[in-house]
Each structure stands twice: as structure tokens, then as C-alpha cells.
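Structural overview
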Amino acid sequence: MEVEDKGALVQSLIDVVGEVSSISDYKFTVKKQYCNLARRLKLLTPMFEEIRDSKEELPVETGKALVLFRDALQLAKELLRFGSEGSKIYLVLERDKIMNEFHEVTAQLEQALSGISYEKLEISDEVKEQFELVLAQFRRAKGRVEAPDVELHEDLLSVYNSSDATINSAVLRRLVDKLQLMGVEELTQESLALHEMVSASGGDPGESIEKMSMLLKKIKDFVQTENPNLDAPAREKSTLASCSGQTSTDKNHKSPVIPDDFRCPISLELMKDPVIVSTGQTYERCCIEKWLEAGHGTCPKTQQALSNTTLTTNYVLRSLIAQWCEANGIEPPKRPSSSQPNKTTSSCSPAERTKIESLLHKLTSGNPEDQRSAAGEIRLLAKRNADNRVAIAEAGAIPLLVCLLSTPDSRTQEHAVTALLNLSICEDNKGSIVSYGAVPGIVHVLKKGSMEARENAAATLFSLSVVDENKITIGSLGAIPPLVTLLSEGTQRGKKDAATALFNLCIYQGNKGKAVRAGVVTTLMRLLTEPGAGMVDEALAILAILASHPEGKAVIGGAKAVPVLVEVIGSGSPRNKENAAAVLVHLCGDQQHIVEAQELGVMGPLIELAQNGTDRGKRKAAQLLERMNRFVEQQKQAQAQSEAQQSQPLTAATAVDD
């Protein structure tokens, strides 16, 4: 073997052992064995350094043995790294497999070391003695088996095989303590470790990883329920923790379980700023950004290759999360903000910017034909891509388009409101559109424009209303009555646009009364019962929000809603069942509605929903069943007391006759 080959080979061994030395904090289930292996490997460094510095050639057999050792050393490094960074749950569930791999690698290392003719090498006696010691330790470790923690393994299987209602809390508490999954940081690291395994599997996670994901979810729910004030890193405080103020003084209070759809698949936390990636999956922005920054080019959940790294805010999901938070008495999560916001800038070419400036010049020309054509072109440019949306706003188009909302030319008006809709897709533009006074003009179009213009005006209000402070502004400027009108008389698309805007606006408590007074409940009830209307999902979602308002509850109750709600609970989709149950929970604060629902046979469907519904549906069904059972008991007690009182005069009269 040439000297150069020897030097490169031995240096690669020194480098890999150095990498092994940098690995630390092995998980407790493998800590003893892995620490011992890492320590033995580090003890070989002096020998490799002396071989590297020696001028003698390596014996052929020793060279071959070192090549075999390098291969085994790479396997050992990966094994040790997983013992430090891998999933704690996996290391317990698959302990037999892990230990088999450990013993195989140990045997390969021992076999390779045994092939080194160390007595023929030009190395010091001390290093030879140290090598003999390490080799003896490897030989002794070959057949040694440490007793596993049987209880921990059985606890994990017990939790996996138990339903949420039957899980033993003592077992869960023991698991959390042993696995050291007590804080947000530890739970997030465990979640990331599982996602790394999915990524390494090529997108086919297999049954064991699915099992581990389910276990982690149950552990996460338990930890959050037991400790509502769960500590999170200072930069990412848990929403539930920061919103639990009063719950910390009430030990009997249980935090609501977060629906799976509202959790980030990476962190398992309630999402504050949900964004959509190119595969259509939604993640918490900061989590997916970390994933992408780590060099991954795939979707963590599906393992599909990402066609691009664009992150699009999921406004609909953000609104649904805000609604769920309100329904459960939790402050909606605040999106992380920066003291120095990173304002989006456009990468449009100079030629494109010149074209935009030319179009803006036409908007100000006063010529109706030029204004119409320019507004139409800007509408299309703003629809095309994000760079255009930024460049058009930077050029000063927004106030010019706002002025055109009141033009008598219906086509120009339609182009202007649609251009604003397309521009509002850019987060930075939303505030500018509202600050330039666009809302009154958009409301004017919503009332007086062509049907397509009205539809796009409703869609624009929805887009702007995802910013919480805009909900107040839009509601106060008279947008809700014309939205209700569009919901009632618009095309199918118009009804959908009006419904999404109303849903978003009514998340703000002050807008609920406005919607009720505008007659939205009558329209929603008609859409619920109208054959082929295709608006059941939207109608129930809005009713579920309005029912929490005193005026909304009263009007819904008076609109003969109970029979319709009972029918939906019995035969609707899972999401519609949960929304119908949510409305009924509010209505059944009144005895007349409890009696009506019971007479319509709601008990059976409620029991089914409590057992097999969505997480929220189960909770709402359980609330209704408890309320109805309590009412039945009260009725029985009242009847018994009445019968007892009626029998007393009869007994007294009989005594007098005697």
C-alpha cells in the first residue's frame, strides 16, 4: 500500500472518530451501551495518529483490516448519532432491533480490529497496551446483553392500544417522566425526529412510525391537559399556556384537546401562522421554514418533492382556528411578529416596471376607455404572480384603483375591485388597501356593481378580513348587510364568497349582532333546507359562530332550527355534525329546545357522535348528553315531589274519616 493511501485512510479514520466524539446526550434507553462504544472508539485515536505519522508502510493484512474497520466505523457513527438525535419512542418500541444492530456493528468492529497486526506496527508500547485493552473490551462486549426496561415497553403498548377515554393516566405520567417528554422543546424534538425517519424512509413511513406518531399525539395531549401552563421557548410560547390565565388556579379544569387539523404536523402545536406548501399540505410557518433551511426538498408529511419553496398563508384554516379558540374560551393565537418586519420587495425587471408605470399613467388620464383597459391589464398582472403584486403596489396603484371603485362605468369598476382582490393576496398590501380607504368603495360595489363585481367585492372583503383589526373596520363600515343580501340572492359562486366573508367577519364578537340584525339567520336556514343549494357546510359553520351570541341564539331558536339540526346530527358529514351539535349546545340552555330535541330522537345520534365523531363533535355531543340527562333527572325529581305532595292531603282526609 502506497504511503499516500495509508495517510488518507488513517486520516479518514481519525476524522470519523472525531465526529463520533462530538456526538453526545444519548437517549437514556441506550445511554450505557452507546457511551461505552463511543469511549472505546475514542481510545483508538492515539494509535491512528502514530500510524499516520509513521514512515513505514502498512502490512497488507493491516491495511485491509483498517478498510473494514472504516466501513464498520461509519455504521457505528450513524448508530450513535441516532442514539443521540433519534426518536425516544422508537428506541423503546424497537429496542430489540436497535440492540441487534448494535451487536452486529460491535462484532464488525471487533473483527476488523482483530485483523490489525499491531505488534508489527511502528507505534509506542503505551499505545499497543491501550489497543490491547480496547480490543479486549470489544470482545467482552460482543455477547453482553443489558436487561431492557420491560415496564416502559409495555406502558407504550398499553397507551397505543387504549382509546382516549380508557387510557390510564398513571401509565401516561410514568411514560412522560421516563421518556423525559415534559416540555414543548422535548416534544417538538421528538416530533422532528419522527419526521426525519419518515424522510429517510422515502415517504413510506410504515406501520411502526404510524404507531409512534399516534403515541406521541396521546403523550402530547396528556402533557398539555395536565399542565395548561406548559413552558415553551421564550420565542414561541404555547398559545394554550399563554391563554390559560384562570385555568392555572382551577386544577379540575382540563384544557380542550386541539383538533388534529389545527396542529402543525411537525411540532404538533396549535398553529399560529399556518402556511400551505406546493403539495397542498399545511404547516406552522416557522416549523416548515426550519425544515427547508435544513436542506430538505420534500414535504414532511407526504414526502413528495416540493416543486417550489413558496409558503402561502392558509387564511381559511387560520379563521377556523380562531373560531375554535373562541368556542373553547381560548384567546386566538397571535402570529409571531418581528421588531423589524421583513417587507416583501419585487424582483420585476426594469421593462416590467416601465409597463406598470405606463398603466398607472392611463389610470390618471381621465379618459374612460384608457382607465378601463389599464384597470383590466393591472387586474391580470396582479393575478399572475407575487412579484407583480408587490411592484404594482410599490408603483402607487392602490389609491388610483380605490378612486375607480365609484366610477359609473361598471366594467371599469369590476376591473378595479378585482385588481384590489388580486393585490390583497400579498400580505403587505392588505394594510395599504384598507389605509387608503378602500372599504367604503368595496361596499359600494358590493351593493351596486355587476354580479361578477359583487362576487369579487365579497372575496376582497374576505381577503382583507384575515387581518384581525380589519374585521372591526369592515364591520363598522356597513359591509355586513350587503354580504347577507349577496348570500341570499347571488349566484352559487357569489353565495360562497359572501359566506366565507361573513364567516370571517363574525369571528369578531361585535359583528355577530350586525349579521343577525341584517337577517342572516333566515337566509342560512333557507340554505340549510333548500334542495340542491350546496351551502350546508357554510350555513352550519356560520350558525355555529352566531349561536354563541345572545341575539344569534334567540333568533336561531325562533327559526325552528332544532329539527334541522337533529337531522344533520343523524345523517350529516362529520364536520357538519359537529357544527350542528355546537349550535344545539347553545340552544339547549333553554328547556323547550331540550324537550323538542329529545322528542325528535336526538339521543341516539348524539351517542353515536360522542363515540365516533370528530374531536370537537365528541365534546359537543358529550355536553349535550350531560345536559339532557341532567334535565331528565330534574324532571323525575320534580314529578316525584309533585306526587308526594298530592298524596299528603289524601292521607290526611283518610285519617279524619277514620
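Residues numbered from 1 in each chain as written. Predicted model: local features only at pLDDT ≥ 70, side-chain atom pairs only at ≥ 80, totals over all residues. Heavy atoms only, no water.

To continue, consider the overall build of the protein. Scanning the protein for helices and strands turns up 34 helices and three strands. Looking at the protein as a whole, 48% of its 658 residues are labelled buried. Across the protein, contacts joining residues at least 24 apart in sequence account for 72% of those joining residues at least 6 apart. If you sum the accessible surface of the protein, you get close to 31,100 Å²; carbon and sulfur atoms cover 50% of it. (Helix = DSSP H or I, 4+ residues; strand = E, 2+ residues; numbered from the N terminus. Buried < 20%, exposed > 50% of the residue type's maximum accessible area, 1.4 Å probe, protein only. Contact = heavy atoms within 4.5 Å. Areas by Shrake-Rupley, 256 points an atom, 1.4 Å probe, with all protein chains shown as cover.)

A full pass over the atoms with the stated rule returns five aromatic pairs. Considering the side-chain rings of F48 and F69, the 5.8 Å spacing of their centres and the 50 degrees angle between planes classify their relative orientation as tilted. With F48 in helix α3 (residues 45–53) and F69 in helix α4 (residues 60–85), the pair connects residues that are 21 residues apart, well separated along the chain. The two residues F48 and F69 agree in class, both being buried. Measuring from centroid to centroid gives 4.9 Å for Y118 and F131, while their planes differ by 50 degrees, and the two rings are tilted. (Phe/Tyr/Trp six-rings, centres within 6.5 Å; stacked < 30°, edge-to-face > 60°.)

Another point: the sheet that holds strand β2 (residues 282–284). Read across the sheet, three strands follow the order β2-β1-β3 without closing on themselves; strand pairing throughout is antiparallel. Looking at the sheet topology across the chains shown, the edges are occupied by β2 and β3 (312–313). Sheet topology note: the strand β1 (residues 274–276)/β2 ladder contains three bridges and is antiparallel. By the bridge assignment, I276 is partnered in β2 with T282. (Pairing = 2+ DSSP bridges.)

Moving on: the nonpolar core. Judged by nonpolar contacts, the single largest core of 98 residues is most densely connected at L401, L483, L487, V520, L546, I556 and L584. The dominant element in this core, judged by the number of residues it contributes, is helix α28 (residues 536–546), at eight residues. Beyond its immediate sequence surroundings of up to four residues, L483 is in contact with L446, A458, L461, A498, A501, L502 and L505. In this structure, L80, Y90, L121 and V127 belong to the second largest nonpolar core, which totals 67 residues. (Core = buried A, V, L, I, M, F, W, Y, C linked by side-chain atoms within 4.5 Å.)

Below, the discussion takes up the side chain of N576. Along the chain, N576 falls in helix α31 (residues 574–587). In this view, N576 contacts V536, D537, L540 and V568; residues no more than four positions away in its chain are not counted.

The residue A582 is located in helix α31 in this model. Judged by its relative accessible area of 3%, A582 is buried. Once residues lying within four places of it in the same chain are set aside, the contact partners of A582 are A544, R616 and K620.

Right, let's talk about the pattern of salt bridges for a bit. All told, the structure shown has 20 salt bridges when counted by the stated rule. We note a salt bridge from R285 to D273, for which the minimum N-O separation is 2.7 Å. In this pair, R285 is assigned in helix α13 (residues 285–293) and D273 in the loop between α12 (239–242) and β1, connecting sequence segments 12 residues apart. As a salt-bridge pair, E578 and R616 come within 2.9 Å of each other at their nearest N and O atoms. Here the residue E578 occupies a position in helix α31, and R616 occupies one in helix α34 (residues 615–657), the gap between them amounting to 38 residues. Under the relative-accessibility criterion, E578 is labelled buried at 6%. Through salt bridges with shared partners, a single ionic network connects R379, R411, E414 and E452. (Salt bridge = Lys/Arg side-chain N within 4 Å of Asp/Glu carboxyl O.)

The next point concerns helix α27 (residues 520–529). In terms of burial, α27 is a largely internal element, seven of the 10 residues being buried. Residues of α27 that are buried include every one of V520, V521, T523, L524, M525, L527 and L528, and no others. Those residues of α27 hidden inside the fold are in contact with α24 (480–489), α25 (492–505), α26 (509–517), α28, α29 (550–558) and α30 (562–571).

Across the protein, pLDDT averages 82, with 86% of residues at or above 70. For the stretch residues 231–253, pLDDT sits under 50, and the model shows 32 contacts to residues farther than four places along the chain or on other chains. Low pLDDT, under 50, characterises residues 337–342; the stretch is placed with zero contacts to residues that sit more than four places away or in other chains. (pLDDT = per-residue confidence, 0-100.)

Before going further, it helps to examine the packing of helix α22 (residues 451–465) against helix α23 (residues 468–476). The contact between α22 and α23 brings their axes to 7 Å, and the two run at 140 degrees. Considering their axes alone, α22 and α23 lie oblique with respect to each other. Where α22 approaches α23, its residues L461, L464 and S465 are matched on the opposing element by N470, K471 and I474. Taken together, the residues of the contact of α22 with α23 sort by class into three nonpolar, two polar and one charged. (Axes fitted to C-alpha atoms, helices over the stretch in contact; angles between N-to-C directions. Parallel < 35°, antiparallel > 145°, perpendicular 65-115°, else oblique. Nonpolar A, V, L, I, M, F, W, Y, C, P; charged D, E, K, R; others polar.)

With that settled, the discussion passes to helix α7 (residues 125–141). For α7, built from 17 residues, the straight-helix expectation of 24 Å at 1.5 Å per residue is met to within 8% by its first-to-last C-alpha distance of 24 Å. Buried residues of α7: V127, K128, F131, V134, L135, Q137, F138 and A141, and no others. Tucked into the core, α7 has its buried residues touching α2 (31–42), α3 and α6 (95–114). (Expected span 1.5 Å × (residues − 1).)

A few words now on the packing of α30 against helix α32 (residues 591–599). Packing of α30 against α32 leaves a shortest axis separation of 10 Å and a crossing angle of 45 degrees. Comparing their axes, α32 and α30 come out oblique. As α30 packs across α32, the resulting crossing turns out to be right-handed. Contacts from V562, P563 and V566 of α30 reach α32 at H593, E596 and A597. In terms of residue class, the contact of α30 with α32 is built from four nonpolar, one polar and one charged. (Left-handed = near helix turned anticlockwise from the far one by under 90°.)

We now examine a negative patch on the surface. A grouping of E119, D125, E126, E129 and E132 is seen on the molecular surface, where their side chains present a negatively charged patch. Its place among the elements puts E129 in helix α7. (Patch = residues over 30% accessible without salt bridge, like charges linked within 9 Å, V, L, I, M, F, W, Y side chains within 5 Å. Lys, Arg positive; Asp, Glu negative; His and termini not counted. Charge placed at Lys NZ, Arg CZ, Asp CG, Glu CD.)

Below, the discussion takes up the environment of P481. In this fold, P481 is placed in helix α24. Considered as a pair, P481 and A515 are 34 residues apart in the sequence and their alpha carbons are 7.0 Å apart.

Let us look at the side chain of K495. Along the chain, K495 falls in helix α25. Among all residues touching K495, those that are not within four sequence positions of it are L486, L487, S488, G490, L527, E530 and M535.

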